[in-house]
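Breakdown of the fold
For reference, the chains in residue letters:
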Amino acid sequence: MGVVTSSSRRVAVRALEVTGLDKYIDALVAGDEVTKGKPDPEPLMRILSMLGLGVRDVVVVGDSRYDVEMALNTGVEVVFFLGNYKDPRVISIKNLMDIVHYLGLG
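Reference entry: report on the structure contained in this document. As the structure is a computational prediction, the values presented were derived from the model and not from experiment. (Residues numbered from 1 in each chain as written. Predicted model: local features only at pLDDT ≥ 70, side-chain atom pairs only at ≥ 80, totals over all residues. Heavy atoms only, no water.)

Concerning the environment of glycine 106
Put simply, the rule reads: Helix and strand definitions follow DSSP, with helices as H or I runs of at least four residues and strands as E runs of at least two, each counted in order from the N terminus. Contact between two residues is taken to exist if any of their heavy atoms lie within 4.5 Å; hydrogens are not considered.
Within the secondary structure, glycine 106 is located in the segment after helix H4 (97–102). Through-space distance from the C-alpha of glycine 106 to that of tyrosine 66 is 29 Å; in sequence the pair is 40 residues apart. Excluding anything up to four places from it in sequence, glycine 106 contacts Val100 and His101.

As structure tokens, this is what we get:
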């Protein structure tokens, strides 16, 4: 699992540590580590490379329109948005558990 954030690496690492999510994250790309940030594909392409994955191997979960646009600009086919996003290629969800149900995992 990877995280792409517009925050600096320092802020992102601290947030992951404080929440205890750091133990679930295999890769992180922060805003201060890329030339072009979201919605450009660069951050997502970088994390896919770090994880050894392609655009068809992942789903993207975002909470901003920049997350969605980055995923769509990169060619990711399954994009979840926390909120309401008016694009038929995007699955709007109310909470993260909706993903589990949508993917038939629970």
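From this point, the discussion proceeds with the structure in view.
A closer look at a nonpolar patch on the surface
To be explicit about the condition: Patches in this entry comprise residues that are over 30% relatively accessible and not in a salt bridge; like charges within 9 Å are linked, as are nonpolar side chains (Val, Leu, Ile, Met, Phe, Trp, Tyr) within 5 Å. Surface accessibility in these figures is a Shrake-Rupley result with a 1.4 Å probe; residues are shielded only by whichever protein chains are displayed. We define a salt bridge as a side-chain nitrogen of Lys or Arg found within 4 Å of a carboxyl oxygen belonging to Asp or Glu.
On the surface, Val59, Val61, Leu82, Leu96, Tyr102, Leu103 and Leu105 cluster together into a nonpolar patch covering about 640 Å² of accessible area. In this fold, leucine 103 is placed in the segment after H4.

A look at unusual backbone geometry
Residue proline 39 is reached from lysine 38 by a cis peptide bond, and omega for that bond is 10°. Tracing the backbone shows proline 39 in the loop between strand S2 (27–29) and helix H2 (42–51).

Some points on the packing of aromatic side chains
Rule in force here: Within 6.5 Å between ring centres, the rings of Phe, Tyr and Trp (the latter by its six-membered ring) count as paired, and their orientation is classed by plane angle as stacked under 30 degrees, edge-to-face over 60, tilted in between. Buried residues are those whose accessible area, probed at 1.4 Å on protein chains only, stays under 20% of the maximum for their type, while exposed residues exceed 50% and partly exposed ones sit between those limits.
One pass over the full model with this rule turns up two aromatic pairs. Where phenylalanine 80 meets tyrosine 102, the ring centres are 5.4 Å apart and the plane angle is 85°; that geometry is what we call edge-to-face. Placement of phenylalanine 80 in strand S4 (residues 78–82) and of tyrosine 102 in helix H4 is noted, with a sequence separation of 22 residues between them. Of the residues examined, phenylalanine 80 reaches a relative accessible area of 0% and is grouped as buried.

With respect to the side chain of aspartate 67
Heads up, the rule is: In protein, a polar contact requires one atom able to donate a hydrogen and another able to accept it; more generally it is a pair of N or O atoms within 3.5 Å, and residues adjacent in sequence count only if both atoms are side-chain atoms.
Structurally, aspartate 67 can be placed in helix H3 (residues 65–74). A distance of 3.0 Å separates a polar side-chain atom of aspartate 67 from the backbone nitrogen of aspartate 63. Those residues in contact with aspartate 67, other than ones at most four positions away along the chain, are Lys38, Val60 and Gly62.

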